[in-house]
Amino acid sequence: SRPLHIATKVELTISCENLMDMDIFSKSDPLCALYINTSGSQWYEFGRTEMILNCLNPKFAKKFIIDYYFEMVQRLKFCVYDIDNNTYDLSDDDFLGELECTLGQVVSNRQMTRQLLLKDKRPAGHGTITVSGRFVSFRDNLFFCLQVDCYDHHFSGSHDLIGSFKATLAEMQMGTHISPVEFECINPKKLKKKNYKNSGVICIKQCQVVKELTFLDYIMGGCQINFTIAIDFTGSNGDPSTPQSLHYINPEGYNEYLTAIWAVGNVIQDYDSNKMFPVFGFGAQVPPSWQVSHQFPVNFNPANPFCAGIEGVVHAYRQCLPQLKLWGPTNFAPIINHVACFAKQALRQNMASQYFVLLIITDGVITDMDQTRTAIVEASRLPMSIIIVGVGGADFSAMEFLDSDDKLLCSPNGDVASRDIVQFVPFRDFQGNSVALAQSVLAELPDQVSSFFNSYKLKPPNMLNVSGPS
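Residues numbered from 1 in each chain as written. Predicted model: local features only at pLDDT ≥ 70, side-chain atom pairs only at ≥ 80, totals over all residues. Heavy atoms only, no water.

### What to know about the packing of aromatic side chains
Reasoning step 1: One pass over the full model with this rule turns up 16 aromatic pairs.
Reasoning step 2: Ring centres of Phe 282 and Phe 332 lie 5.7 Å apart, and the angle between their planes is 75°; this geometry places the pair in the edge-to-face category. Within this pair, whereas Phe 282 is found in strand β14 (residues 276–282), its partner Phe 332 is found in the loop between β19 (325–326) and α6 (333–347), the two being separated by 50 residues in sequence.
Reasoning step 3: The class of Phe 282 is buried, set by a relative accessible area of 0%.
Reasoning step 4: Residue class for Phe 332 comes out buried when judged on its relative accessible area of 0%.
Reasoning step 5: Every member of this aromatic cluster is reached through a ring pair, and the members are Tyr 218, Tyr 355, Phe 452, Phe 453 and Tyr 456.
Reasoning step 6: The side chain of Lys 77 reaches across the aromatic face of Trp 43, ending 4.4 Å from its centre.
Reasoning step 7: The ring of Trp 290 has Lys 325 lying over it, and the distance from NZ or CZ to the ring centre is 4.6 Å. (Phe/Tyr/Trp six-rings, centres within 6.5 Å; stacked < 30°, edge-to-face > 60°. Helix = DSSP H or I, 4+ residues; strand = E, 2+ residues; numbered from the N terminus. Buried < 20%, exposed > 50% of the residue type's maximum accessible area, 1.4 Å probe, protein only. Lys NZ or Arg CZ within 6 Å of the ring centre and 35° of its normal.)

So, in structure tokens, the structure goes:
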């Protein structure tokens, strides 16, 4: 349901300091090659900078312009070489070091400076490389031509064309209340008539361009994406110690829950500066009281439910699983309302500083559907989105209902959501393809972030980092 967009472009600028001097009678002659990997295993060369003679602190003029996709992990590798000959092949040139990162890390940090890592036995960290990113837009132009069509409106839908005119945005902006700019409306079908001049005149007294900030404007301006994970521990998952259970961890160390966490978390984590993720379970009896809980931290530490990175999430899940009694029912509202409390606090700052994403991984039918609908409708007015991944073979028609792509969700009392914030996918549709799973569930998120903050006219903390049109 995501509308098609022109790919967002990110411009990367490369510089190095204190490179190793590999030449005997002169300084190294560095060049930087950029390699990209989006498949997980295959690297391909995207491009190269120019070579700079006799320089250990190069600032390369050649910039790399890359199509940016939020929903993909775009791994980048910057390899620096000392060029010793005129061949295109780099394998016979001295390797000075490399930096590996993701495009998501670059855009969320704007500038990344790290020590160069060397592949051989020379000391690691000799010299640094800096990669800085800048969002560029090629679409905003005062001088592109617009066609304005004027119609006689009919309720039947068969509107009649009165006339059209063409003008540049710059021409339309010249109009003022005292001196409007005028354009003749011409109907091509009437041009053959003898005395036809026009079908009327359009007077423009005011024409303003209102800049809507993009997802990258917010991210580069310092907006943090806060990622919370909620895991279904209800009895319908089956006994985790048996291979039939959805919580059974196979000999390779995976199950559908872990695969979903890895797939979505690997993309999201680049946009959270401290990479500390709160993780909750629901639908289980929890020690020591063995009360059923629909919102318990999987690390059993209510004061600090955060896990360090996606690796920490996986570790906490594995440790927690044997200590629970899987129970029920399947209630979503408590965890949605829990995250909504933090989103509400963030909104009070009157700034686009934080956005909250809740990932719910579940195997079954929602028990508290009315409360869940109410919670989602209320959350739609907050900086918050909900991703639901359905695991196993259950009937997920209720989840499809919450993912209201065709019309906005209503609560039982008739309140209408202000926007669609739920994205649901059944895990079984992806046959273990975690890259496709992440793309599907995250594709709508950038539009959800930018449309929310634009509708509230909220600016990111550091507007200086928001790039203008190029």
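### Digging into the side chain of Ser 385
Reasoning step 1: Mapped onto the fold, Ser 385 is located in strand β21 (residues 384–390).
Reasoning step 2: Under the relative-accessibility criterion, Ser 385 is labelled buried at 1%.
Reasoning step 3: Ignoring any residue separated from it by four or fewer positions in sequence, one finds Ser 385 in contact with Tyr 355, Phe 356, Val 357, Leu 358, Ile 421, Leu 445 and Gln 448. (Contact = heavy atoms within 4.5 Å.)

### Section: the sheet that holds strand β5 (residues 75–82)
Reasoning step 1: Strands sit in the order β3-β2-β5-β6 across an open sheet of four strands; the sheet is antiparallel. Across the chains shown, the open sheet's two edge strands, defined by having one partner strand only, are β3 (44–48) and β6 (94–102). Strand-to-strand twist of the sheet, defined as the mean angle between neighbouring strand axes without regard to direction, takes the value 25°.
Reasoning step 2: Sheet topology places strand β2 (residues 30–37) next to β5; eight bridges connect them, and they run antiparallel. (Pairing = 2+ DSSP bridges. Axes fitted to C-alpha atoms, helices over the stretch in contact; angles between N-to-C directions.)

### Re the pattern of salt bridges
Close approach of charged atoms allows side chains of opposite charge to pair.
Reasoning step 1: Scanning the model with the defined rule gives five salt bridges in all.
Reasoning step 2: The partner of Asp 67 in a salt bridge is Lys 9, with the nearest N and O atoms 2.6 Å apart. Of the two residues, Asp 67 is situated in strand β4 (residues 64–68) and Lys 9 in strand β1 (residues 8–17); the sequence distance between them amounts to 58 residues.
Reasoning step 3: Residue Asp 67 is classed as partly exposed on the basis of its relative accessible area, which comes to 27%.
Reasoning step 4: Of the charged contacts, one joins Asp 370 and Arg 373 as a salt bridge, the two residues approaching to 3.7 Å between their closest N and O atoms. Residue Asp 370 and its partner Arg 373 are both found in helix α7 (residues 369–379); the two are separated by three residues, about one turn of the helix. (Salt bridge = Lys/Arg side-chain N within 4 Å of Asp/Glu carboxyl O.)

Geometric values such as these leave the question of function open.
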